[in-house]
Amino acid sequence: MKSILILTAGFGDGHNAAARNICEALEKISPEVEVTVADLFERSYGRLNGWARKAYLGVVRYAPGLWAGVFKAVDRLPWLTDGGAGLGRLQRVLVDVLHATRPDCVVSTYPTYGQLMQALFRDHCERPFRLVTVVTDARSINSVWHRAPSDRFVVCDEDTAAVLRRAGVEKETVLPLGFPVSPRFAEPPADPPPPPRAGGPFRVLYVINTGKKKAGKAIDRLLDIPGVELTVTVGRHAELKEKLAKRARKHGDRLRLLGWTNQMPELMMRSHLVIGKAGGAAVQEAIAARCPMIVNQVIPGQEEGNARLVEELGIGVVAEGKKEVARRVREALADDGKLWHQWRARLEELSAPDASLRIARLVLEEGDRANQCVRPETLPARRNGNGAGAAAAAAKPLSRRHAPRALLCDFHIHTNYSDGRLTVPEVVDFYGTRGFDCICITDHWTDPRRLIGQLSRLTPFTLSYDQIEEYFEVIGREARRAWRRYGMLVLTGLEFNKDGPTRKSSAHLLGVDLKEPISPRLDLLDTIERIHAQGGLAVASHPHLMKSEWAKETLYLWEHQERFIPVIDAWEIANRNNLFAPVSLKRLPFLANSDFHKPKHVYSWKTLLHCEKDPASIKECICRNERVSITLYRDHHPAGGADPTDSEWAAPSPDWEAEGLIKRLPIAQHSEVTTVAG
Ligand code: ZN
Ligand code: ZN
């Protein structure tokens, strides 16, 4: 099996986006390839990284001018150029990761890695793998990128290629393939924006990263423009979303307010204009989506190049301040969108929406070349002889599709579509790398009438009505990826929260394996009927007394069991660390689930099913209540030691070393990588 290692770093937003998108493209065109994404800074410089990040955030917020100096100083730091003592720790981690993954090709999306490689393999011909450097800057390029040799340098356009060549990089190693945006940009949308006409509709996408205090006023100004239909994304800022929700009610259909979204490519491709900060990835995504851009924020020293790029390429304009932004939007759309058409024509010429797929193909080709001369002994020695174990762990096949054994399942999982911490793709990778066979994602789904008044503080903790369609779409897409990559089934579900004033009037009900949304306003019996009509299972969640960090108890279903036992398919016999003996005493069909909200919750009760790995067999097995068992899924910390659940990403097996090192990249939304949200 071919192995590809992608190295990234969490500084700025371009590097992670590039790494994530190349990974996605590789999985798409060659699912059998083993792809590892690693951020070596996170492990070896965990503390410094955290400190440096804070300093960075502080500097950007309070003294933008300072940051320009800091960024330029990177060029002069001696330890970045000689791979010397300052980077020693980082180098050791790199050796560990190389031993564990044995890559055919390494893709670097951050300049320093080239320097590290050069220090490890003085003569770069002795490297047992190929090195492809994906330059995430455009035009103004930090020289650290090209001071060390690389087999290939991928850049976003011809002009950037020229810059590298002028700096002395060999001509044929520089390839202008485009910036690696998500491969989803290569799939045209069902409803592209129609040519602008007086009175609209003009679809404007407003990506809020910063300036949150003034966001409300900025929205009002944009909606003063006749015909504007505004979609606003606020990322993880649940409180801001709640604040803006009042405005959403005032503006009705013209304002769509989204929290975290996994649909940024689709949103951009169906918009006339995007308003956002001049992040490296954001600008490149606007180009890929052929969506003209109004830049409303520029971080000095880091993003000026991107902002200039927007104006030089003639694909939009920089407009700081909310008045200026609204004025520019009017200007772009005036005269049947005369200016807009000019921008759009330029974008048609520049756009390379399939760049990540082309880069992925290049990486695979380069990997083939490495195979012709593999000499594993040329890897530098590991620091402490445990190489074989980690390498074996890394070489373990991920797919267990054909294993004749019980299926490890978890049917109660929350993501950041409600109050969970991880995104849907992160949940899939989290469970997939741990060898799960079937999971069901069940975000909170609440009757809006119950959220009025006292309970309105719960709004950020429930799936939003505007995103229910997206929720089904994204889980469907991730389910296909999970099956390809991990042989893991991912089912779509919802947790219907029917909370009353007391525990005896409150019930939580899981709908497992749903095909489409069900109104949250229905009563419990109607909800169960709709779940069954779709072929789903109705499961009573935490139906009995329990010990919980903060959730209220929910006893309604249990108190009315004569009515619900006949219609409910299974009852949670265990929820996270709680066991419900009464469910067992009544001999009811049962499931054991994590009620997963964050990584440490994985160490909890789980269901084991002895059946075929397909949704129909799994549902039948649960309903018949035959060959169902539960297991307490724990990690390997000794009893009496520190609470193992303290360490969020600790793995449950002796592979912990390899897993800790090669933690898969937490998937972040490009445009939400904030610089001032510390
Ligand atoms: Zn619940
Ligand atoms: Zn729950």
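Each remark here, short or long, concerns the structure printed above.
Residues numbered from 1 in each chain as written. Chains lettered and ligands numbered in written order. Predicted model: local features only at pLDDT ≥ 70, side-chain atom pairs only at ≥ 80, totals over all residues. Heavy atoms only, no water.

Asks: So what exactly am I meant to see when it comes to the overall build of the protein chain here?
Replies: In terms of regular secondary structure, the protein chain is built from 25 helices and 22 strands. When burial is assessed residue by residue, the protein chain has 59% of its 678 residues classed as buried. For the protein chain, the computed accessible surface area is about 28,100 Å², with 53% contributed by carbon and sulfur atoms. (Helix = DSSP H or I, 4+ residues; strand = E, 2+ residues; numbered from the N terminus. Buried < 20%, exposed > 50% of the residue type's maximum accessible area, 1.4 Å probe, protein only. Areas by Shrake-Rupley, 256 points an atom, 1.4 Å probe, with all protein chains shown as cover.)

Asks: What am I meant to see in the coordination of the zinc ion (ligand 1) here?
Replies: Each pair of donors in an ideal octahedron of six around a metal sits at 90 or 180 degrees, and each pair in an ideal tetrahedron of four sits at 109.5 degrees. Around the zinc ion (ligand 1), the donor atoms from the protein are Glu495 (OE), His508 (ND1) and His542 (NE2), and they sit 2.1 to 2.3 Å away. Motif for the zinc ion (ligand 1), donor spacing along one chain: E-x12-H-x33-H. A gap of 3.4 Å separates the zinc ion (ligand 1) and the zinc ion (ligand 2), which glutamate 495 links by coordinating each metal. Placement of the pair is histidine 508 in strand 16 (residues 507–512) and histidine 542 in the loop between strand 17 (537–540) and helix 21 (556–559), with a sequence separation of 34 residues. (Donors = N, O, S within 2.8 Å, 3.2 Å for Na, K, Ca; no water.)

Asks: So what exactly am I meant to see when it comes to the packing of aromatic side chains here?
Replies: Any pair of aromatic rings gets described here by the distance separating the centres and the angle formed by the planes. Going through the model one piece at a time under the given rule, you end up with twelve aromatic pairs. Ring centres 5.6 Å apart and planes at 90° place the aromatic pair tyrosine 417 and tyrosine 471 in the edge-to-face group. In this pair, tyrosine 417 is assigned in the loop between strand 13 (407–413) and helix 18 (424–433) and tyrosine 471 in helix 19 (residues 468–486), connecting sequence segments 54 residues apart. Considered together, tyrosine 417 and tyrosine 471 belong to a single accessibility category, that of buried residues. A centroid spacing of 4.8 Å and a plane angle of 80° characterise the contact between tyrosine 431 and phenylalanine 436, whose relative ring orientation is edge-to-face. As far as the burial class goes, tyrosine 431 and phenylalanine 436 line up, both buried. (Phe/Tyr/Trp six-rings, centres within 6.5 Å; stacked < 30°, edge-to-face > 60°.)

Asks: Please explain the packing of helix 18 against helix 19 as it appears in this structure.
Replies: To describe two helices that pack against each other, one gives the angle between their axes and the distance between the axes. For the pair helix 18 and helix 19, the least separation of the axes is 10 Å and the interaxial angle reads 25°. With respect to each other, helix 18 and helix 19 are oriented roughly parallel. Seen along the crossing, helix 18 lies across helix 19 with a hand that is right-handed. Contacts from Val424, Pro425, Val428, Asp429, Gly432 and Thr433 of helix 18 reach helix 19 at Val474, Ile475, Glu478, Arg481, Ala482 and Tyr486. (Axes fitted to C-alpha atoms, helices over the stretch in contact; angles between N-to-C directions. Parallel < 35°, antiparallel > 145°, perpendicular 65-115°, else oblique. Left-handed = near helix turned anticlockwise from the far one by under 90°. Contact = heavy atoms within 4.5 Å.)

Asks: Help me out: how do you make sense of the environment of threonine 462 in this one?
Replies: The residue threonine 462 is located in the loop between strand 14 (438–446) and helix 19 in this model. You can call threonine 462 buried: its relative accessible area is 6%. Between the C-alpha atom of threonine 462 and that of asparagine 497, which follows or precedes it by 35 residues, the distance is 9.1 Å. At 3.1 Å, the side chain of threonine 462 forms a polar contact with the backbone oxygen of histidine 444. (Polar contact = N/O pair within 3.5 Å; in protein donor to acceptor, adjacent residues only side chain to side chain.)

Asks: Got a minute to help me understand the coordination of the zinc ion (ligand 2) in this structure?
Replies: Every protein donor of the zinc ion (ligand 2) is listed here as His412 (NE2), His414 (NE2), Glu495 (OE) and Asp595 (OD), and their distances to the metal cover 2.1 to 2.3 Å. For the zinc ion (ligand 2), the four donor atoms in the first shell make angles of 82 to 171° at the metal, so the coordination geometry reads as irregular. Mapping the donors of the zinc ion (ligand 2) onto the primary sequence gives the spacing H-x1-H-x80-E-x99-D. (Tetrahedral: all angles 85-135°; square planar, octahedral: opposite > 155°, others 65-115°.)

Asks: Looking at this model, I keep getting lost on the nonpolar core. Mind explaining?
Replies: Buried together is how nonpolar side chains tend to be arranged in soluble globular proteins. Counting 72 residues, the largest nonpolar core has Phe411 and Tyr431 as the members making the most contacts within it. Examining the composition of this core, we find that eight residues originate from one element, helix 19, more than from any other. Among all residues touching tyrosine 431, those that are not within four sequence positions of it are Asp410, Ile413, Phe436, Ile439, Met488, Ser594, Phe596 and Val602. Core analysis: the second largest hydrophobic core is formed by 33 residues, Ala138, Ala282, Leu313 and Ile315 among them. (Core = buried A, V, L, I, M, F, W, Y, C linked by side-chain atoms within 4.5 Å.)

Asks: Honestly, helix 14 (residues 304–313) in this entry has me stumped. Any pointers?
Replies: Side chains three or four residues apart in an α-helix point the same way, a direct result of the helix having 3.6 residues per turn. All of the buried residues in helix 14 are Gly305, Asn306, Ala307, Leu309, Val310 and Leu313. Taken together, the buried residues of helix 14 touch helix 13 (280–289), strand 11 (293–297), strand 12 (316–318) and helix 15 (322–350). Positioned one or two residues after helix 14, glycine 314 has a phi angle of 70°, which is positive.

Asks: Teacher, can you tell me more about the pattern of salt bridges here?
Replies: Side chains carrying opposite charge are able to pair once their charged atoms draw close together. Scanning the model with the defined rule gives 33 salt bridges in all. Residue arginine 152 is joined to glutamate 366 by a salt bridge in which the shortest nitrogen-to-oxygen separation is 2.9 Å. Of the two residues, arginine 152 sits in strand 5 (residues 152–155) while glutamate 366 sits in helix 16 (residues 355–371), which places them 214 residues apart along the sequence. By relative accessible area, which is 15% here, arginine 152 ends up buried. On the basis of relative accessibility, which here comes to 1%, the residue glutamate 366 falls in the buried class. With its nearest N and O atoms 2.8 Å apart, the salt bridge here joins arginine 503 to glutamate 553. Here arginine 503 is found in the loop between strand 15 (489–498) and strand 16, whereas its partner glutamate 553 is found in the loop between strand 17 and helix 21, with 50 residues between them in sequence. Of the residues examined, arginine 503 reaches a relative accessible area of 41% and is grouped as partly exposed. Here the salt bridges do not stand alone but share partners, grouping Glu27, Asp429, Glu478, Arg481 and Arg485 into one network. (Salt bridge = Lys/Arg side-chain N within 4 Å of Asp/Glu carboxyl O.)

Asks: What should I look at first to understand the sheet that holds strand 12 in this one?
Replies: Where strands meet in a sheet, backbone hydrogen bonds hold them as pairs that are either parallel or antiparallel. An order of 9-8-7-10-11-12 is seen for the six strands of this open sheet, with the pairing classed as parallel. Looking along the sheet, the strands with just one partner apiece sit at the ends: strand 9 (255–258) and strand 12. The mean inter-strand angle of the sheet, taken between neighbouring strand axes irrespective of direction, is 15°. Note that strand 10 (residues 273–277) and strand 11 share four bridges and pair parallel. Residue pairing in the sheet places lysine 277 in a bridge with glutamine 297 of strand 11. Helix 15 contacts strand 7 (202–207), strand 10, strand 11 and strand 12 of the sheet and is inclined by roughly 140° relative to strand 10. (Pairing = 2+ DSSP bridges.)

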